[in-house]
Structure formats: structure tokens, C-alpha cells
Amino acid sequence: SARMLQKKICMQGGFGVGKTSLVSRFVTSLFSDTYLTTIGVKIDKKTITVDAHEMNLMLWDIYGQDEYQTVRDSYLRGASGYLLVADGTRHATLDTAAALQQKAASVVGDVPFLLLLDKADLVREGQGDGRAGSEAAAGAAAPRGVAGRRRGRPRGHPGRERLLRPARAGGL
């Protein structure tokens, strides 16, 4: 029998941008408004089928980077891809995502990644600093060649295809 593929996907972003909620929604199909700070890294596993091949996704939910702590290189090593998550209500989280992208590229090289602008529903409701909407995300992403996506409060299955894109891009 064929050996099951395994891909490590890292979730990166500033503190409180929604990385843990994205992973939880993808792995368990549950969403919670409760905020819990990630300490270190939380690793979840989800077995999926992509193009008729079974694959284990190892989702590394890495603590939020801020002015007091930066992401360790060891958390990124071996990643097949990563998602950069920014908060649509806080413009500064786009700057954090840009810094994290540069760091990840220096550690893991040219692997697939995606920028997700989370909490887009709150931007539409007028919450936040008013500067981190989709136009700002597009402006931050375009010079870096990043594909960007907006994500609001989940209304069905979480953006499964968004989470699978870095895994699928590595080839089966």
C-alpha cells in the first residue's frame, strides 16, 4: 500500500489575529468567540483526502509575534507551507505578517504561503482602526507576490481550500 503523505503547515501572525480559531474550525468544525493565548506552539493533526490521496496535515499554530517575542526558527523548519494571518481591524498586524513572511522565507525558503485577512466581518461593521481593510491588505501583499484572502466569521465550512492550498502546492 502507498505510504500516507504528511505535510507541516505553520499558522503565523500577530497575537489575537485568529490563528487558533482558524485551526480549530478546520480540525473540529467548531468556532468559539473565546480568546485563548497560545503559549509556544499547539500542533493539531487532520487527515484529509486531496486529489484521491490521503494526507496528514500537521498544523502548527504558533504563538503570536509581538514586540516582546519573535517566532523561533525551529518552529518553522520543515514546513511545506504556511499561512500568514492578519486581523482586518488592526493595521499593525499586516506589518507583523510582512515581517513573519520575510523570516519564514529565510528559514524554509520558497514554499507556498497565503495571507489571510481575518475578521473581515468586523471591518464591514465599522470596528477596528479603519486602516486594515482589504485595500490595505492588497497593498501590503502585492509587492511581496502574496495571494490574499479575506475571512469573516465562519458561516459554514471553514475556508478548507485556503488551508489546503499550501499543502496541495507542494505536489502529491
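Look up a bit, the structure's there.
J.: Hey, could you go over the side chain of Lys 19 for me, with residue numbers and the actual values?
T.: Among the structural elements, Lys 19 can be located in helix 1 (residues 19-28). Here the side chain of Lys 19 touches Gly 14 through a polar contact of 2.7 Å, landing on its backbone oxygen. The residues contacting Lys 19, other than those within four sequence positions of it, are Met 11, Gln 12, Gly 13, Gly 14, Asp 61, Ile 62, Tyr 63, Gly 64 and Val 85.

J.: Tell me about the environment of Thr 89, residues and numbers included.
T.: Relative to the elements of secondary structure, Thr 89 occurs in the loop between strand 4 (81-87) and helix 3 (92-108). Residues Thr 89 and Val 17 lie 72 residues apart in sequence; the distance between their C-alpha atoms is 9.2 Å. Among the polar contacts listed, one links the side chain of Thr 89 to the side chain of Asp 87, at a separation of 2.6 Å.

J.: Go over helix 3, please, and point to the residues and values.
T.: An ideal rise of 1.5 Å per residue puts 24 Å on 17 residues; helix 3 measures up with 24 Å between its terminal C-alpha atoms. Of all the residues in helix 3, the buried ones are Thr 93, Leu 94, Thr 96, Ala 97, Ala 98, Leu 100, Gln 101, Ala 104 and Val 108. Directly after helix 3, the chain includes Gly 109, whose backbone phi takes a positive value near 80 degrees.

J.: Outline the packing of aromatic side chains, listing residues and values.
T.: Counting across every chain of the model gives three aromatic pairs. Summarising the aromatic geometry, the rings of Tyr 63 and Tyr 75 are spaced 5.9 Å apart at their centres and angled 75 degrees between planes, so their arrangement reads as edge-to-face. Remark: Tyr 75 occurs in helix 2 (residues 73-76) and Tyr 63 occurs in the loop between strand 3 (53-62) and helix 2; sequence separation between them is twelve residues. Here Tyr 63 and Tyr 75 have matching classes, each one buried.

J.: I'd like a rundown of unusual backbone geometry, residues and numbers included.
T.: With a phi close to 50 degrees, Asp 51 is a non-glycine residue in the positive phi region. At Ala 52, a position not held by glycine, the phi torsion is positive, near 70 degrees. Looking at where Ala 52 falls in the secondary structure, it is placed in the loop between strand 2 (41-50) and strand 3. Residue classification places Ala 52 among the exposed residues on the basis of a relative accessible area of 73%.

J.: Can you break down the pattern of salt bridges residue by residue, with the values?
T.: Under the definition given, this model contains three salt bridges. The partner of Lys 42 in a salt bridge is Asp 44, and the shortest N-O contact between them spans 2.7 Å. Take Asp 44: its relative accessible area is 18%, and that puts it in the buried class. Residue Asp 73 is joined to Lys 103 by a salt bridge in which the shortest nitrogen-to-oxygen separation is 2.9 Å. One end of the pair, Asp 73, is in helix 2; the other, Lys 103, is in helix 3, and 30 residues separate them in sequence. A relative accessible area of 30% places Asp 73 in the partly exposed class. Residue Lys 103 is classed as partly exposed on the basis of its relative accessible area of 23%.

What counts, and at which threshold
Residues numbered from 1 in each chain as written. Predicted model: local features only at pLDDT ≥ 70, side-chain atom pairs only at ≥ 80, totals over all residues. Heavy atoms only, no water. Helix = DSSP H or I, 4+ residues; strand = E, 2+ residues; numbered from the N terminus. Polar contact = N/O pair within 3.5 Å; in protein donor to acceptor, adjacent residues only side chain to side chain. Contact = heavy atoms within 4.5 Å. Expected span 1.5 Å × (residues − 1). Buried < 20%, exposed > 50% of the residue type's maximum accessible area, 1.4 Å probe, protein only. Phe/Tyr/Trp six-rings, centres within 6.5 Å; stacked < 30°, edge-to-face > 60°. Salt bridge = Lys/Arg side-chain N within 4 Å of Asp/Glu carboxyl O.

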